[in-house]
Each structure stands twice: as structure tokens, then as C-alpha cells.
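Descriptive analysis of the structure
Residues per chain, in single letters:
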Amino acid sequence: MKRIIVSVLAVLMSVPAMMADNHEMKAFVDKLMSKMTVKEKIGQLNLVVAGDITTGKAADSEVGGEIAAGSVGGVFNIKGVDGIRALQEVAVKKSRLGIPLLVGMDVIHGYETIFPIPLAQSCSWDMEAIEKGARIAAKEASADGINWTFSPMVDICVDARWGRVAEGGGEDPFLGSRIAEAMVRGYQGDYSQNSNIMACLKHFALYGGAEAGRDYNTVDMSRVRMFNQYLPPYKAAVDAGVSSVMSSFNIVDGVPATGNRWLLTELLRDTWHFGGLVASDYGSIGEMMTHGLGDLPSVSAQALKAGTDMDMCTRGFVQTLEKSLEEGRVSMSDIDNACRRVLEAKYILGLFDDPYKFCDGKRRKKDIFTEENRRAARDMAAETFVLLKNDNNLLPLEKKGKIALIGPLADTRANMAGTWCVAYTPDRYSTLKEGLERAVAGKAEILYAQGCNLTADAQMQKDAEFGRTIKRGDDNAMRAEALRVARDADVIVCAMGESSEMSGESSSRSDLTLPDIQMSLLKELVATGKPVVLLNFSGRPTVMTWESRHVPAIMNVWFGGSEAADAIADVLFGDKVPSGKLTMTMPAATGQVPIYYNHLPTGRPVPDGAKDYRKYQSNYLDVRNDPLYPFGYGLSYTTFAYSDLTLSKGTLASGGSVRATVTVTNTGSRDGYEVVQMYIHDRAARISRPVKELKGFSRIHLSAGESKDVSFDITPELLKYYDSSLRYGIDPGEVEIMVGPDSRNLKKAVLNVE
């Protein structure tokens, strides 16, 4: 029997943030700024879309002219090292002071080698793999000229209707903080190599709290909720040394984040000691006008004075700040501070030493979409799939007989990688059909039928595709073909769910169930009596209540990236064992959302698992309170047993620690990974506290029959929280310590805190 100890204190210890007072950097920037005109300083604050750049024509393009005039500090959304080098040459050789450009891109979950969407990555609970994925993404992007990624996105969200849950790490602040740290480390490294790029923490802050799950909508919450539930992942990324931050579209306390001085200066800079660059989100300075905060000069001045350094695409800074300076709306120190932070970002990237550091044309062939990178993406994808149901051990499938593959996601190349993969090359990625055919070649036969359209409504399907089309045909004819194929098969595999662009930015949904025509087909396939496996493609938690009652095996495969097809085959046929665990609660009905495990208690609670309606208690008439699948849930091809939980001491003293230990045993016949999770509940506090809070986890491997002791060190720091006066501290009294395989099935012990 082996022993694993998880030191929560070690997990929480932060990497020192970027030192903005580096003497050499300060001297260099001071000297450079002494040569700059006001217009050139403001030009550094202008971040624009590069547009299409043809090598040899960069100087003649509109953006090239602006760069030569010293009116652009950075560009983004340009792909290709030749075009980027051409723009960099304009900046270095044709502008008066030769200041190089920041070159950004949304490298969210890979560049050309695409890793699973971030929500799926979080379901691996594998911080090493997540850090490695970010490192590979940085390596590939930097090999093509990119030096800045607008990632990680760490917004906490408890409402699956919001499409951008696909881009984040789920609903939990503790897990989200660990993911934030891992991604910052992966992207940035120590900047000594040309394979490290600048990360950008986003969206600061609270973007995931949009009302009704509707993108860009109002966010309004208490400071207590901000500090305890939503802000921790941002703080973790800052403590890990992230070099840039992007503000969010939403309001915070009624003030748009991009112009919110309390958020960007008092909290981010003064309290958290962030010394890096703050950029607006796309056009968010201009959107302050729509929020009702004045005209372009007014909102531009407010954003600058609030702490925004770069204006993404509004062009409010370059159009208004000179005049605002003359009128006294902004000061020279406001402009200087922002300019300095932009120049410091370029300094730490090494662009002043070598403006073409990221423009090595030889790297493209050897560092992008390599076999090594693809293998890492395939391995990670297999870790993210969450096995939700597996009656009678239907999975893994044997590689024999006839296997029907049916569904609109079964043979679509463009939809495998998922949303937000700007630089992807889908022609080089496999469809699920191709992946399964490779896996069973010579052993079994794959019988394919699309079966149905994505949705019955042609316009809705077009809106959901956003250019990543799925063949549209006659539903009656496709259904008839699918049923013929199903009748001839031994087992049916359904590839159904969302298209890749049904989640992501501007892809909110009011109904989280399987789209209409897909559900109709699934019911008919189940009615054949053949064993059915549902592979649920999604970028969010979806409602699968009917499926959970009637489909024998269900696996959530999310969107697994460029290597998804082979990774799905690896797990479907048992070459790898599923180990993913949910990081967002899966509701039993859309009307339950927002639904999340770490909710506050109500004065009239209904017991967990209650099946009956309770009058004058907190429940619904038409559906029970419990989720369909809880946070942390996920099955395996093997089984695990947990011993009772023991504490090394019954009392936690000030400055001390207590070790919580549980023995986990693989009681099945397959080797596998288990994610052991630790939660706490403060029984008596200054304010109402969540019914459960994740405070530790350990991903362990157990051979069949093997046991391991897994221990968590509990410290006073781990139990601290912000009260209604935003005092950060700990309460004396009893705290429940809970350990188990998910947030529902837990072993408990009580700890007394002095």
C-alpha cells in the first residue's frame, strides 16, 4: 500500500509576481520615454486587428501606415510568421523610434495542435497535463510569430446557459485557481526561451456572472460573493506572475470593468500588487458609451485613469487623449504610466533585444503540429472524457462485429476541435468516423449514417454552425437510413449533442436539452433494443435526464481538440480507462440553473436526495432539487472503495496543521486513475458559508487490487474566508472535513478549530 500526501499549503503558495521595478528595465524605459512625443506614447496604447498582410505589402497596408507613424503598440489576429515579421519590420525600421510590436492571438486551447476545450481540460483534474498543454500552445504560437495570448480565461460560472463556460475551468474557485496557476506557468515560463509567450488573464472581472446566462449581460453581486467565490482564480493567476490582464465587458458595481478604478487600480494594482499591462476587451471602451457613461472622449479618459493601458479596437485613446490632456481630463502621468507598462511588457518579452525573437521561420516546420505535440493532445483528451453511465459494463466495446456509428457529429471534421481555436487547421484533423475505423481496422466493421440534422430548424442550425457546417439533408430519409444501419449492427454508438459553435462566445442557450431532431432519433434507436452508447458532444453541462434513464452507456466527450477522434476511440474500446470528473454540476432540468454544489444553505432546506415535494420548503413542484450528476462525478472501467476518514488530531491550533487521511482501493479488474476530493463545511461562522467547499484534490493511479493512503494537510489558511466587512480570517469552532470521489458521496470527520 502506497501513501500520497497533498500539501494544500504548498498548492496555495504563489510564485512571485513580475517585478515591475527591475532597475535595468526601468532605466531602459526611462531613457526611451524621454525621447517619445505625447502622440507616440499614446500610440503605444493602441491595440488593433492586423488584417490581411501580404509579405512585401505590409508597409502599404492601412495598419502598416499607422505602425510607421508610431500610432500602434500592438496587433492581433494575424497568423503566419512571414506577415508578422513584415509588420515587425515596419515598426522597427520605419517608425521614428523603432519600437517593436506586441503580437497577440486568442490561443485558447492550442494553436494548430488543438487540445480539448478548457472546460474539458478542467475535467481531467490533471494540473501537469494542463500546464504542458499551455506550454505546447505557446511553443507552437511563438513558432509562428505570436508573442501574446489572450488566455487563461478563469471566469467562474454557475450557469450553463452561458456559452463561454466552454472557455473556462468550471464552477469552483479552488480548482479554478490551480488551473489558472498551471496555465500561466505553461505559457510564460521564465521568458528565457523564444518558446514562451505572454499570458493574459481574463476577463477581469466577474464576466461569468452574467444574468440569465446571456452573454455580455449585466453582472451584479455582493462584494462577499466576489471575494469568496469569483475573485480567487484571478488572484491566483496574479500571484503566479501573469504579465497582462484583460478587462471584461460587464459592469462591476454599476461601472463597466474597463473604466472601473476600484477594480483595476485599487484592487488589482494596489491590493494585489499587479505590476503588468491591462488591456481592454474588444471594443469595450466604446461600449462604455452604450452603458451610458458619456461620449468617446469621456469614456476613454475614464478608462485610462481607471487603469486600462491598451485600447483594443475602439481607437478612443489615439483619437481623444491628446485633446483630453490639453483639457485636463487626463494627466501626463496617466499617459506615462500606461505607456510604461506597455513598454515593460515588450521588455520582459525580450523584444528590444531582438524584435524578431518570435519570427524564426525555421521553427514553423519543426515545432508546429508535431507528432510529439499531437500525442500530448491525444493523451490529455482521453483524460477529459467523463463516463456518466455504464450499465452492465457495456463499455468498453470489443473490437468485433458490426458497430453502427450514427449522429450529426460523427463525420464532421470542422466540429471536432471545439470553439475558440482561431489558428486551427481542420483539414488535417480526423472525423470520429475515421478515428473509429482506424481503431477497429481488420477486426470490426463500422456502419455509418448521419441520421439527422443538427436541429430541425434550418436557420437555427446555420446560426449554431458559425461557418463550421454540418451536412443538411432530409430528416425522414436520414432517419430511415440510420434505422436500417442500426438493425444490421450489434451495438449502436450515437455521436450527438452540440456543434462546436453552439457553445463559446455569443452562444447562450435557454434550453440545455439535446436538440429536437437528435432526441427523436435517439429515442428510436433505443427502441430498437440494441445496446446504445451515447457520446455527448458539448461545450457546457447539458440536461440528459431522459438519456440517463433510457440509454445504457453515456460518456461526455466535450470537444477534444485536433486528436479527439483517436482519443475517443482509445477510451471507447478500452485502450485507455476514463478518468474525467465533472467540474460543473449537470442539472436535471434547465430550470434548475444556476445550479452549483457550493451553494449557501437555505433556512428551509430539503434533504439531499429527497424524492417528494415538501410544502413551505425550498424546492420545486415539478423537479427535485438534486442535480442529475453532481460536481466531481465521473465513473471508470474499474471501481474504487474509500475507507473511513481519519484526522491526525482532533483540534487545529493557530499556526498548526492537521492531516486528513483516507485509504482508496481499486476494487475492480482494471488499472485506473481516481480523483480524490476533499471538501470542508464551516458549521458556525460569522456569515452563512457554503454547504461544501473544495479545498484539495489528488489524482492518483491505482493498479487493480492496489490501495493507497491519500492525505491532505489542513492549515488555518485553508479555512479562511472574507466576511461581510471583507475581513479575511478564520472562525473557532467545528469544521466538517469530507473526502470522497465526488461532491455527493463523502466520508466525514469533524475538526475543532481553535
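Residues numbered from 1 in each chain as written. Predicted model: local features only at pLDDT ≥ 70, side-chain atom pairs only at ≥ 80, totals over all residues. Heavy atoms only, no water.

**Examining the pattern of salt bridges**
Here the structure, examined in full by the defined rule, presents 57 salt bridges. Ionic pairing is found between Glu-322 and Lys-39, a salt bridge with its closest N-O pair at 2.9 Å. Pair noted here: Glu-322 is in helix α14 (residues 316–327) and Lys-39 is in helix α3 (residues 38–43), with a separation of 283 residues, a long-range link. Residue Glu-322 is classed as partly exposed on the basis of its relative accessible area of 32%. (Salt bridge = Lys/Arg side-chain N within 4 Å of Asp/Glu carboxyl O. Helix = DSSP H or I, 4+ residues; strand = E, 2+ residues; numbered from the N terminus. Buried < 20%, exposed > 50% of the residue type's maximum accessible area, 1.4 Å probe, protein only.)

**Things to note about the pairing of strand β24 (residues 707–714)**
Two faces, one strand: in a regular strand the side chains alternate between the faces of the sheet. With eight of its eight residues buried, β24 lies for the most part within the structure. In β24, alternate side chains face the same way, and those of Ser-707, Asp-709, Ser-711 and Asp-713 on one face and Lys-708, Val-710, Phe-712 and Ile-714 on the other are all buried. Two strands pair when backbone bridges link them, and strand β21 (residues 658–666) and β24 are joined in this way by eight bridges, in the antiparallel orientation. In the strand pairing of β24, Arg-659 is matched with Asp-713. (Pairing = 2+ DSSP bridges.)

**Side note on the confidence of the model for the protein chain**
Segments scoring low in pLDDT should not have their predicted coordinates read at a detailed level. Model confidence for the protein chain is summarised by a mean pLDDT of 96, while 97% of its residues fall at 70 or above. Note that residues 8–20 has pLDDT below 50 and, in this model, 30 contacts with residues that lie over four places away or in other chains. (pLDDT = per-residue confidence, 0-100. Contact = heavy atoms within 4.5 Å.)

**Considering helix α20 (residues 475–487)**
In a regular helix each residue adds 1.5 Å, so 13 residues correspond to 18 Å; α20 covers 18 Å between its end C-alpha atoms and thus fits that length. Those residues of α20 lying buried are Asp-475, Met-478, Ala-482, Leu-483, Val-485 and Ala-486. Seen from one end, α20 has its buried residues packed into an arc of 160°, which puts them on one side. Opposite the buried face of α20, at more than 90 degrees from it, the exposed residues are Arg-484 and Arg-487. Tucked inside the fold, the buried residues of α20 contact β13 (402–406), β14 (445–449), β15 (491–497) and α21 (516–527). Where α20 begins, the side chain of Asp-474 points an oxygen toward the backbone nitrogen of Asn-476, at a separation of 3.2 Å. (Expected span 1.5 Å × (residues − 1). Arc of directions from axis to C-beta. Polar contact = N/O pair within 3.5 Å; in protein donor to acceptor, adjacent residues only side chain to side chain.)

**Quick notes on helix α9 (residues 223–230)**
Owing to its 3.6 residues per turn, the α-helix aligns residues three or four sequence positions apart on the same side. Among the residues of α9, those classed as buried are Met-226, Phe-227, Gln-229 and Tyr-230. Buried residues belonging to α9 abut α8 (173–188), α10 (232–239), β8 (251–252), α11 (261–271) and β25 (721–722).

**Description of unusual backbone geometry**
Following Lys-202, the chain continues to His-203 via a peptide bond in cis, the omega torsion being -5°. Mapped onto the secondary structure, His-203 falls in strand β6 (residues 200–204). Within the chain, Leu-206 stands out as a residue other than glycine whose phi angle is a positive 75°. Positionally, Leu-206 belongs in the loop between β6 and α9. Of note in the backbone geometry, Tyr-216 takes a positive phi value of approximately 70° without being a glycine. For Tyr-216, the position within the fold is in the loop between β6 and α9.

**Some details on the sheet that holds strand β22 (residues 672–682)**
The mixed open sheet is built from five strands, whose spatial order is β20-β28-β27-β22-β23. Each of the sheet's edge strands pairs with one partner strand only, and the pair in question is β20 (651–652) and β23 (693–702). By the bridge criterion, two bridges tie β20 to strand β28 (residues 747–753) in an arrangement that is parallel. Bridge assignment links Thr-651 to a residue of β28, and that residue is Asn-752.

**Considerations on the state of the cysteines**
If you walk through the whole model with that rule in mind, you get zero disulfides. Free of any disulfide, Cys-452 has its nearest neighbouring cysteine sulfur in Cys-494, separated by 9.1 Å. Overall, the relative accessible area of 1% leaves Cys-452 in the buried class. (Disulfide = S-S within 2.5 Å.)

**Some words on the sheet that holds β13**
Across the sheet, six strands lie side by side as β12-β17-β16-β15-β13-β14; this open sheet has mixed pairing. With one partner strand each, in any of the chains shown, β12 (386–390) and β14 form the two edges of the open sheet. Adjacent strand axes in the sheet meet at a mean angle of 20°, parallel and antiparallel pairs treated alike. In this sheet, strand β16 (residues 532–537) lies alongside β15 in parallel orientation, the contact comprising six bridges. Residue pairing across strands places Met-496 opposite Asn-536, the latter belonging to β16. Each of β13, β14 and β15 is contacted by α20, which is oriented at about 160° to β14, the strand it contacts most. (Axes fitted to C-alpha atoms, helices over the stretch in contact; angles between N-to-C directions.)

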